[in-house]
Amino acid sequence: ESLVAHDAARWRDLALLESIYHDELNAAELKDAQASKRAVAERPVLPEGIVRVVILPSPDLPPLLNRWARACSERCGLPVTVALHVPEKYVDHFDELGRPSPTHWGEDAEVLMPFGVEAIHLCHDATAQAERTLELIHQSASRGRVAIGIGDPEVGAVLIEKLRLDGVRVFEPSGAPPTRVGLWHVLQQMQTILTTDSWRAFSTLLRVPEVRDALVPKAGLSLLAEADELSVNHMPVTLTHAQELLRLHPGRSDEEKTPYLPRAVTEMQRLLSTMQKLPLVEAARAWLMRLYGEQQFDPNHPQDHLTTSLGDLWLGFCEQIQAESERFGLKASTGEMLALSLQLLRDQSLTEARGEVDLVLQGWLELLWEPAPHLIVAGVNEEHIPGILLSHSFLPDSVRAKLGLPCQATRFARDAYLMRTIAEQRMPNQGSL
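I will try to describe carefully the structure that is included in this document. The numbering scheme is per chain: residues are counted from 1 as the chain's sequence reads. Thresholds applied to this predicted model are a pLDDT of at least 70 for local features of residues and 80 or more for the giving and counting of side-chain atom pairs; totals over whole chains, interfaces and linings are not thresholded and use all residues. Excluded from the side-chain calculation are hydrogens and water; included are all heavy atoms of the structure.

### A short note on the pairing of strand 5 (residues 359–363)
Then, in step 1: For every residue, the accessible area (1.4 Å probe, protein chains only) is compared with the maximum for its type, and the residue is labelled buried under 20%, exposed over 50%, or partly exposed between those bounds. Helix and strand definitions here come from DSSP, where helices need a minimum of 4 consecutive H or I residues and strands a minimum of 2 consecutive E residues; each element is numbered from the N-terminal end. Where burial is concerned, most of strand 5 is hidden: five out of the five residues are buried.
Then, in step 2: A two-sided burial pattern is seen for strand 5, the buried positions comprising L359, L361 and G363 on one face and V360 and Q362 on the other.
Then, in step 3: Between any two strands, pairing holds if DSSP finds at least two bridges. Pairing analysis gives three bridges linking strand 3 (residues 146–150) to strand 5, with the strands arranged parallel. By the bridge assignment, G149 is partnered in strand 5 with Q362.

Put into structure tokens, the structure is as follows:
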């Protein structure tokens, strides 16, 4: 109560909103996702035959796992063992589930790293970091196996591009972000057109070969050239505005050549009108079929695999949004629901087909398990390592710390422990910490 005494009115309002929210869920015969997680944690159901629970070293376990581990011991009668990746004398530097203690690993703990400034390489941007990483890979390759860790996704994206240009086959266990797939940008521009009728979004889409073929087959780059010419000469704002300009200024035409742009604009408007009348799932399928209906995808080709994975995931979100909209009687436009589907899609990771690879790029949290004698960690940028928790309107960092939730102190302790451990593993006197 003392944590919220200074803002009691706001918390009372939030409690009232939560009560109304739960009433709506009960009326729809649904359960709150977070309440379901708490219920499972407090009453764990384990597979038959389990006689022991072992929690392997993991410095960033969610707080809810404390309840689950305690319930496994108290309710299920199972012994629970928490393993730590440190010498035994440091056991008291961690909490009951193996998370590094801010007291021993925080900013005031003066944790010393077992390497000097010669191991730190300062670069001014993501491209420079990627280039320096490539140089270090070549320098270290002759001395034994080299592993690569990525702290900043922006650096990782640039590094992957440069590695692939060098003919290096790369795999990311953490998956690829949807924003790396061409279909993501097509969907983003379609959502913009559906909600704003934007000419700029339409002209951007024309730079995608599949879109040009879907609107006017075999128009090729001639269609793009016509769109650029219209933009330069008349600066249309919307697709409707562009159609009016094309009526007033039809452009050159002769017996051998008919402008493609009026047909493309008309076809896009017809397609948008159809999509706005269809339920979200049908509209999504119609667009994908129009875009890729004749294209064959090779599941063993990395880019084809990512495209089909993104398409499947997007359709799944569209189905969920449509079902929940119908359940609660909500009426939203296709553009609004498409925007929501993309918001959900943005936070996902797409699993890539591994196949034969030369190099595996691992995330920061996976490096604790990497045995390679030489390790290069790219993207050690402050907002990523140490990670920064964004401020929260209702749960500022000080309140999160008092409630035992992840906060800036625990994030710093986690990353200090990880940096010290992965460096110590590669020192001649391993295991000293």
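### A closer look at the side chain of R420
Then, in step 1: One can find R420 in helix 17 (residues 408–424).
Then, in step 2: At 3.0 Å, the side chain of R420 forms a polar contact with the backbone oxygen of L112. The definition of a polar contact used here is a pair of N or O atoms within 3.5 Å, where within protein one atom must be able to donate a hydrogen and the other to accept one, and adjacent residues in sequence count solely through side-chain atom pairs.

### Some words on the environment of R70
Then, in step 1: Assignment of secondary structure puts R70 in helix 3 (residues 64–74).
Then, in step 2: C-alpha of R70 to C-alpha of Q303: the two residues are 233 residues apart in sequence and 44 Å apart in space.
Then, in step 3: Dropping the residues within four chain positions of it, R70 is found in contact with R75 and E96.
Then, in step 4: Among the polar contacts made by the side chain of R70, one reaches the side chain of E96 at a distance of 3.3 Å. In this analysis, two residues are considered to be in contact whenever any of their non-hydrogen atoms come within 4.5 Å of each other.

### Quick notes on helix 5 (residues 126–141)
Then, in step 1: What a helix should span is 1.5 Å times the count of its residues minus one. Taking 1.5 Å of rise per residue, 16 residues should cover 22 Å, and helix 5 covers 22 Å from first to last C-alpha, within 8% of that figure.
Then, in step 2: For helix 5, the complete set of buried residues consists of A126, A128, Q129, A130, T133, L134, L136, I137 and S140.
Then, in step 3: Looking at the buried residues of helix 5, the elements they touch are strand 3, helix 6 (153–165), strand 5 and strand 6 (374–378).
Then, in step 4: Residue D125 occupies the N-cap position of helix 5, its side-chain oxygen lying 3.3 Å from the main-chain nitrogen of T127.

### Here we look at a negative patch on the surface
Then, in step 1: Together, D125, E154, E382 and E383 line one region of the surface with negative charge.
Then, in step 2: Mapping D125 onto the fold places it in the loop between helix 4 (102–105) and helix 5. Any residue with relative accessible area above 30% and no salt bridge may belong to a patch, with like charges joined within 9 Å and the nonpolar Val, Leu, Ile, Met, Phe, Trp and Tyr side chains within 5 Å. The accessible surface values rely on the Shrake-Rupley method and a 1.4 Å probe; as for residues, cover is taken only from the protein chains in view. We define a salt bridge as a side-chain nitrogen of Lys or Arg found within 4 Å of a carboxyl oxygen belonging to Asp or Glu. Counted charges follow a simple rule, with Lys and Arg positive, Asp and Glu negative, and His plus the chain ends left uncounted. Lys charges are placed at NZ, Arg charges at CZ, Asp charges at CG and Glu charges at CD.

### Structural notes on helix 13 (residues 280–292)
Then, in step 1: For helix 13, with 13 residues, the first-to-last C-alpha span of 18 Å sits near the 18 Å given by 1.5 Å per residue.
Then, in step 2: Buried residues along helix 13 sit in contact with helix 7 (182–196), helix 9 (209–215), helix 12 (261–277), helix 14 (302–327) and helix 15 (334–346).

### Digging into the pairing of strand 3
In regular strands, side chains alternate between the two faces of the sheet.
Then, in step 1: Where burial is concerned, most of strand 3 is hidden: five out of the five residues are buried.
Then, in step 2: The two faces of strand 3 match: V146, I148 and I150 on one face and A147 and G149 on the other face are all buried.
Then, in step 3: In this sheet, strand 6 lies alongside strand 3 in parallel orientation, the contact comprising five bridges. Note that in strand 6 the partner of I148 across the bridge is I376.

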